[in-house]
Amino acid sequence: MPTALHGKDSFHFEEKGIGESLILIHGVGLDLTMWEKQVEDLSKHFHVIVYDMIGHGGSEHPPGPYSLSQFVEQLAALMNHLRIEKSHIIGFSMGGMVAQAFALKYPGKMKTLTIMNAVANRTEEQRKAILKRVEEVKRTGPLATIEPAIQRWFNIEFLNLQEEIVSKIRKRLQTNNPASYLAAYTLFATADEELWPQIQQIDIPTQIITGEHDVGSNPEMARQMHEKIAYSEMMIVPNMKHMLPIEGSKIVNEAIRLFIDKQTVLVKSRGDQK
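Being a predicted model, the structure only gives us computed values, none of them experimental.

What to know about the overall build of the chain
For step 1, the next point in the chain: Secondary structure summary: the chain contains eleven helices and eight strands in total.
For step 2, the next point in the chain: Computed over the C-alpha atoms, the radius of gyration of the chain is 18 Å, within 12% of the 19 Å expected from 2.2 N^0.38 for a compact globule of 274 residues.
For step 3, the next point in the chain: Counting only C-alpha atoms and orienting by the principal axes, one finds that the chain spans roughly 60 × 40 × 40 Å.
For step 4, the next point in the chain: The buried share of the chain, reckoned over its 274 residues, is 53%.
For step 5, the next point in the chain: Long-range pairs, those at least 24 residues apart, make up 75% of the contacts in the chain between residues at least 6 apart in sequence.

Here we look at the packing of aromatic side chains
For step 1, the next point in the chain: Tallying each qualifying case throughout the model produces six aromatic pairs.
For step 2, the next point in the chain: Ring centres of Trp 35 and Phe 92 lie 6.3 Å apart, and the angle between their planes is 85°; this geometry places the pair in the edge-to-face category. Taken as a pair, Trp 35 in the loop between β3 (21-25) and α1 (36-42) and Phe 92 in strand β5 (residues 87-92) lie far apart in primary sequence, 57 residues in all.
For step 3, the next point in the chain: Look at Phe 154 and Phe 158: their rings are 5.3 Å apart centre to centre, the planes differ by 5°, and that puts the pair in the stacked class.
For step 4, the next point in the chain: Within the aromatic cluster, the residues linked to one another by ring pairs are Tyr 181, Tyr 185 and Phe 188.
For step 5, the next point in the chain: Sitting above the plane of the Phe 188 ring, Arg 122 keeps its charged end 5.0 Å from the centroid.
For step 6, the next point in the chain: Above the ring of Trp 196, the side-chain terminus of Lys 228 is found at 4.7 Å from the ring centroid.

Quick notes on the pairing of β5
For step 1, the next point in the chain: Among the six residues that make up β5, six are buried, leaving the element largely enclosed by the rest of the structure.
For step 2, the next point in the chain: Alternating residues of β5 divide into Ser 87, Ile 89 and Gly 91 and His 88, Ile 90 and Phe 92, and every residue in both groups is buried.
For step 3, the next point in the chain: In this sheet, β5 lies alongside β3 in parallel orientation, the contact comprising four bridges. Across the sheet, residue Leu 22 finds its bridge partner in β5, namely His 88.
For step 4, the next point in the chain: When β5 meets strand β6 (residues 110-116), the two strands line up parallel, connected through six bridges. In the strand pairing of β6, Ser 87 is matched with Met 110.
For step 5, the next point in the chain: Considered for its hand, the β-α-β crossover made up of β5, helix α3 (residues 94-105) and β6 is right-handed.

Details of the nonpolar core
For step 1, the next point in the chain: Of all hydrophobic cores here, the largest spans 54 residues; its most connected members are Leu 75 and Ile 89.
For step 2, the next point in the chain: Broken down by element, the residue count for this core peaks at nine residues, all from helix α8 (residues 178-195).
For step 3, the next point in the chain: The residues touching Leu 75, leaving out its near neighbours within four places in the chain, are Ile 23, Ile 25, Tyr 51, Ile 89 and Phe 102.

Here's the deal with the packing of helix α2 (residues 68-81) against α3
For step 1, the next point in the chain: As a packed pair, α2 and α3 sit with axes 9 Å apart at the nearest point and diverge in direction by 75°. Accordingly, the angle class assigned to the pair α2 and α3 is roughly perpendicular. Between α2 and α3, the contacting residues are Leu 68, Phe 71, Val 72, Glu 73, Leu 75, Ala 76 and Met 79 on the first element and Met 94, Met 97, Val 98, Ala 101, Phe 102 and Lys 105 on the second.
For step 2, the next point in the chain: Tallied by class, the residues present in the contact of α2 with α3 amount to eleven nonpolar, no polar and two charged.

Digging into the pattern of salt bridges
When the charged atoms of two side chains with opposite charge come close together, those side chains can pair.
For step 1, the next point in the chain: Tallied over the entire structure, the rule returns 13 salt bridges.
For step 2, the next point in the chain: Two residues, Asp 31 and Arg 172, come together in a salt bridge whose shortest N-O distance is 3.0 Å. One end of the pair, Asp 31, is in the loop between β3 and α1; the other, Arg 172, is in helix α7 (residues 163-174), with 141 residues separating them in the sequence. Side by side, Asp 31 and Arg 172 carry an identical accessibility label, which is buried.
For step 3, the next point in the chain: With a shortest N-O distance of 2.7 Å, Arg 122 and Asp 192 are connected by a salt bridge. Taken together, the residues Arg 122 in the loop between β6 and α4 (124-140) and Asp 192 in helix α8 connect sequence positions 70 residues apart.
For step 4, the next point in the chain: Since its relative accessible area comes to 2%, Asp 192 is described here as buried.
For step 5, the next point in the chain: One continuous salt-bridge network, built from bridges that share partners, spans Arg 122, Arg 127, Asp 192 and Glu 193.

Reading guide: rules and limits
- Each chain carries its own residue numbering, running from 1 in the direction its sequence is written.
- Where totals are concerned, whole chains, interfaces and linings use all residues; where local detail is concerned, this predicted model gives features only for residues with pLDDT of at least 70, and gives and counts side-chain atom pairs only at 80 or more.
- Working from all heavy atoms in the structure, the side-chain values ignore hydrogens and water.
- What counts as a helix is a DSSP run of H or I of at least four residues, what counts as a strand is a run of E of at least two, and both are numbered from the N terminus.
- Here the radius of gyration uses the C-alpha set of atoms, whereas the globule reference equals 2.2 Å times the residue count to the power 0.38.
- Here's how the labels work: a residue is buried when its accessible area is under 20% of the maximum for its type, exposed when over 50%, partly exposed in between, all with a 1.4 Å probe on protein chains only.
- Contact definition: two residues touch when any of their heavy atoms are within 4.5 Å.
- Aromatic rings from Phe, Tyr and Trp, with only the six-membered ring used for Trp, were paired whenever their centres fell within 6.5 Å, and each pair was classed as stacked if the ring planes differed by under 30 degrees, edge-to-face if by over 60, and tilted otherwise.
- Charges are assigned to positions over rings by a cutoff of 6 Å between ring centre and Lys NZ or Arg CZ, combined with an angular limit of 35 degrees from the ring normal.
- Strand pairing is assigned whenever DSSP identifies at least 2 bridges connecting the two strands.
- Crossovers are described as right-handed under a simple rule: with the strands pointing away from the observer, the path leading from the first strand over the helix to the second runs clockwise.
- Only buried residues count toward a nonpolar core. Its members are Ala, Val, Leu, Ile, Met, Phe, Trp, Tyr and Cys residues joined through side-chain atoms within 4.5 Å.
- Angular values range over 0 to 180 degrees, each being the angle between N-to-C directions of two axes fitted as lines to C-alpha atoms, with helices fitted over their stretch in contact.
- Between 65 and 115 degrees an angle is taken as roughly perpendicular, under 35 as roughly parallel, over 145 as roughly antiparallel, and anywhere else as oblique.
- Polarity classes work like this: nonpolar for Ala, Val, Leu, Ile, Met, Phe, Trp, Tyr, Cys and Pro, charged for Asp, Glu, Lys and Arg, and polar for all others, with Gly in that last group.
- Criterion for a salt bridge: a side-chain nitrogen of Lys or Arg within 4 Å of a carboxyl oxygen of Asp or Glu.

The structure is reproduced here in structure tokens:
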């Protein structure tokens, strides 16, 4: 059942399974329900926790502007509430930015980091395009941006064959709080500038994944992150767009499991050598 943590930092989270903790952070304008396939599969192996970021879903909706540090401290509060000392953390899109910022501030709280379909070091042209969408949201509200986003996020075959799944995403976007969405989307449009000069400091085992045809979080961005983060691996999933955890859930779930298993073996082997 959904659980709400009350007080100044009230937010909505769910958990399932036992074992090592694995926390999944959703993307901008979405909520914890995007991880349905991951919760279903990965909870057989891990204690899986999903939650709604500030300004999203059932969590608190403070007035903007938002900062990365707010989302970082929200995650720290969640771990403290659940008495989790260290966790595997997976961030999708904007959640990938939050996960990177968390790794920079709280590396001791992390076992591994998976950055999925995340933006990094936007070019001037890419920056202009996202800021243009921010202005559109300010001017007309978020509804006009939904269908173009759906087209960017999913392959046409998936859109045609999985209408029910896509309609859930569409409904989530349609029912967002407009002010909260604008505040979160504005942060999403600019946060890579704050992160990029620092990410080479991340020294946690890191996996970077994106789709071959993801326009906004493209393979070149993944390659640049891979070059900057010393202990990183990279995976470009063929024929996939942005919504990889949903459209490519089986590939994603296997990649997460294998990466964590590999790092667990490495940690044990290093311990044996001491």
